[in-house]
Amino acid sequence: MCVSLVCSFILAALTAWAAENIQNRIWWKYTDQDKYFEAQEMEDEGFWVQIPRPDASEMSKQDYNISEACDFLQTYSVLVLSVAGSCVAVFLFYRNKLRTPIRELEEASGRIAENDLDFQLTYENRDEMGQLCREFDRMREQLEENNRKMWRMVEDERELRAAIAHDIRSPLSVLKGYQEMLLTYLPDGTIDTRQATEMLKESMKQISRMDVFIETMRRVNSLEQRALKAEGITAEQLREDIRGELNILAEGKKAVLNVQETKSIFRGDREVILEVAENLFSNAFRYARKQIRVQVSLTASVLKISVSDDGTGFQEDAEKITRAFHQKNVKDSLTHTGMGMYISRLYCEKHGGKLLLENNEAGGASVTAVFGRIK
């Protein structure tokens, strides 16, 4: 804009100068040249000689029109050319700086409206429109991530409903079978008291299983509503808490604990972290042959708890293992609901982290819970 205005003023000055010269040439044709030169010889510091403007009646129609046009150019050339230069500058700015990013933003908005998030804005200039495109692309990435989470929640909910139907149907089928046997054979004495007692004991196991299942469902339903409570956590405090958990869950197996020494203080929800750690320890002890290893590293922004065992390792992919009600074998369904890894994954994500599963090179499984700092 500054360049266009400067060029406009220079061009306007040249135009006014040219118009004045053309106008003087026209007027010169209608001037008494002898008087003009005579007056010029008498010119001194007190006055100066100019070519007089002839009367309109003296000039031809063409000369009059040209003279009037020169008057217009001398008066309005600055205004007209500056406005024209500004319009040209705005057009060039739009063509070179705005048209491409605006077109990309319009196309991106249309694709987002059609639920198509698999694209990326290519405008990368480091100007205001480039910054706007980068922010828009960041919004698209966040929207894509939110969609992935939403679809994952929908898939988890679908699997959860299927698992609920399965886990409720199994104990109910067992109870129904026992009740039918008792009603059929107990009145005529086909089943004695000992057999009836055994059936009732098995029925109580199924009822206990349903109690555990209902309690687990209650925890899952309240998981999303649970608010995190931030508090300062030190490495020494975490060492004592984890050591207490390991002593309770060990059941004759060995646990090796290594906590990295640091003066850093991590802010997080201590109860959530210990609940995740308890789930990981419990799973590791169940599948370990002799021992598990626990590695803890803590900084001001990240907390990592890694649990390794010397068992057979994971036989399925991490996505399947961390689903709700995942069970390695049928016998687990009697005492194990298959929700530990699922809840641990949700808690880690809720805490700004993630749950990582892998097999060790030397054998056995390794699970790492990563927690992000909360305010």
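Please refer to the structure higher up on the page.
Conventions we followed
Residues numbered from 1 in each chain as written. Predicted model: local features only at pLDDT ≥ 70, side-chain atom pairs only at ≥ 80, totals over all residues. Heavy atoms only, no water. Buried < 20%, exposed > 50% of the residue type's maximum accessible area, 1.4 Å probe, protein only. Helix = DSSP H or I, 4+ residues; strand = E, 2+ residues; numbered from the N terminus. Pairing = 2+ DSSP bridges. Axes fitted to C-alpha atoms, helices over the stretch in contact; angles between N-to-C directions. Contact = heavy atoms within 4.5 Å. Core = buried A, V, L, I, M, F, W, Y, C linked by side-chain atoms within 4.5 Å. Parallel < 35°, antiparallel > 145°, perpendicular 65-115°, else oblique. Nonpolar A, V, L, I, M, F, W, Y, C, P; charged D, E, K, R; others polar. Patch = residues over 30% accessible without salt bridge, like charges linked within 9 Å, V, L, I, M, F, W, Y side chains within 5 Å. Areas by Shrake-Rupley, 256 points an atom, 1.4 Å probe, with all protein chains shown as cover. Salt bridge = Lys/Arg side-chain N within 4 Å of Asp/Glu carboxyl O. Lys, Arg positive; Asp, Glu negative; His and termini not counted. Charge placed at Lys NZ, Arg CZ, Asp CG, Glu CD.

J.: When you look at the pairing of strand E7 (residues 365-372) in this model, what are you seeing that I'm missing?
T.: Moving residue by residue along a regular strand, the side chains alternate between the two faces of the sheet. Extensive coverage of E7 is indicated by the burial of 8 of its 8 residues. Residues Ala365, Val367, Ala369 and Phe371 of E7 are buried on one face, and the alternating residues Ser366, Thr368, Val370 and Gly372, pointing to the opposite face, are buried as well. Examined bridge by bridge, strand E5 (residues 302-309) and E7 share 7 bridges and lie antiparallel to one another. Pairing of serine 308 across the sheet is with serine 366, part of E7.

J.: Is there a simple way to think about the sheet that holds strand E4 (residues 291-298) in this case?
T.: Strand pairing in a sheet relies on backbone hydrogen bonds, with the paired strands running either antiparallel or parallel. Taken in spatial order, the 5 strands of this open sheet run E2-E4-E5-E7-E6, and their pairing is mixed. Of all the strands in the sheet, just strand E2 (254-259) and strand E6 (354-359) have a single pairing partner and so form its edges. When the angles between neighbouring strand axes are averaged without regard to direction, this sheet yields 15 degrees. Relative to E5, E4 runs antiparallel, the two sharing 7 bridges. Across the sheet, residue arginine 293 finds its bridge partner in E5, namely serine 308. With respect to the sheet, helix H10 (residues 340-350) is in contact with E6 and E7, its orientation differing from that of E6 by roughly 130 degrees.

J.: Looking at this structure, I do not really get the nonpolar core. What am I missing?
T.: Note on soluble globular proteins: their nonpolar side chains tend to be buried together. Counting 36 residues, the largest nonpolar core has Phe281, Val294, Leu303, Ile305 and Phe371 as its most contacted members. Mapped onto this core, the elements with two or more residues apiece are helix H6 (235-249), helix H7 (270-287), E4, E5, H10, E6 and E7. Once residues within four sequence positions are removed from consideration, phenylalanine 371 is found in contact with Phe266, Ile273, Val276, Ser301, Val302, Leu303, Ile305, Cys348, His351 and Gly353. In terms of nonpolar packing, the next biggest core, distinct from the first, is built from 10 residues, Leu105, Ala108, Ile112 and Leu117 among them.

J.: I'm lost on the packing of helix H1 (residues 2-28) against helix H3 (residues 61-113) in this one. Help?
T.: Relative orientation and spacing of two packed helices are given, respectively, by the angle between their axes and the distance between those axes. Two elements in contact, H1 and H3, have axes separated by 8 Å at closest approach and are oriented at 175 degrees. If you check the angle between H1 and H3, you find them roughly antiparallel. Tallied by class, residues from the contact of H1 with H3 come to 15 nonpolar, 10 polar and 3 charged.

J.: Would you mind going over a negative patch on the surface with me for this structure?
T.: On the surface, a cluster of negative charge is contributed by Asp32, Asp34, Glu38 and Glu41. Looking at the secondary structure, you find aspartate 32 in the loop between H1 and helix H2 (33-41).

J.: Looking at this structure, how should I read the side chain of glutamate 245?
T.: Structurally, glutamate 245 can be placed in helix H6. One buried charged side chain, glutamate 245, makes no salt bridge at all; its nearest oppositely charged neighbour is arginine 270, positioned 8.1 Å away. Beyond its immediate sequence surroundings of up to four residues, glutamate 245 is in contact with Glu278 and Phe281.

J.: Could you clarify how one ought to interpret the pattern of salt bridges in this entry?
T.: Side chains that differ in charge, positive against negative, can pair when their charged atoms come close. Applying the stated criterion to the full structure yields 16 salt bridges. For the salt bridge of arginine 140 with aspartate 137, the shortest nitrogen-to-oxygen distance reads 2.9 Å. Taken together, the residues arginine 140 and aspartate 137, both in helix H4 (residues 128-185) and 3 residues apart, mark about one turn of the helix. Given the relative accessible area of 5%, arginine 140 is considered buried. According to the relative accessible area criterion, aspartate 137 is buried, its value standing at 8%. Close ionic contact of glutamate 349 with arginine 345 constitutes a salt bridge, the shortest N to O distance being 3.5 Å. Of the two residues, glutamate 349 and arginine 345 both sit in helix H10, 4 residues apart, roughly one turn of that helix. For glutamate 349, a relative accessible area of 38% puts it in the partly exposed group.

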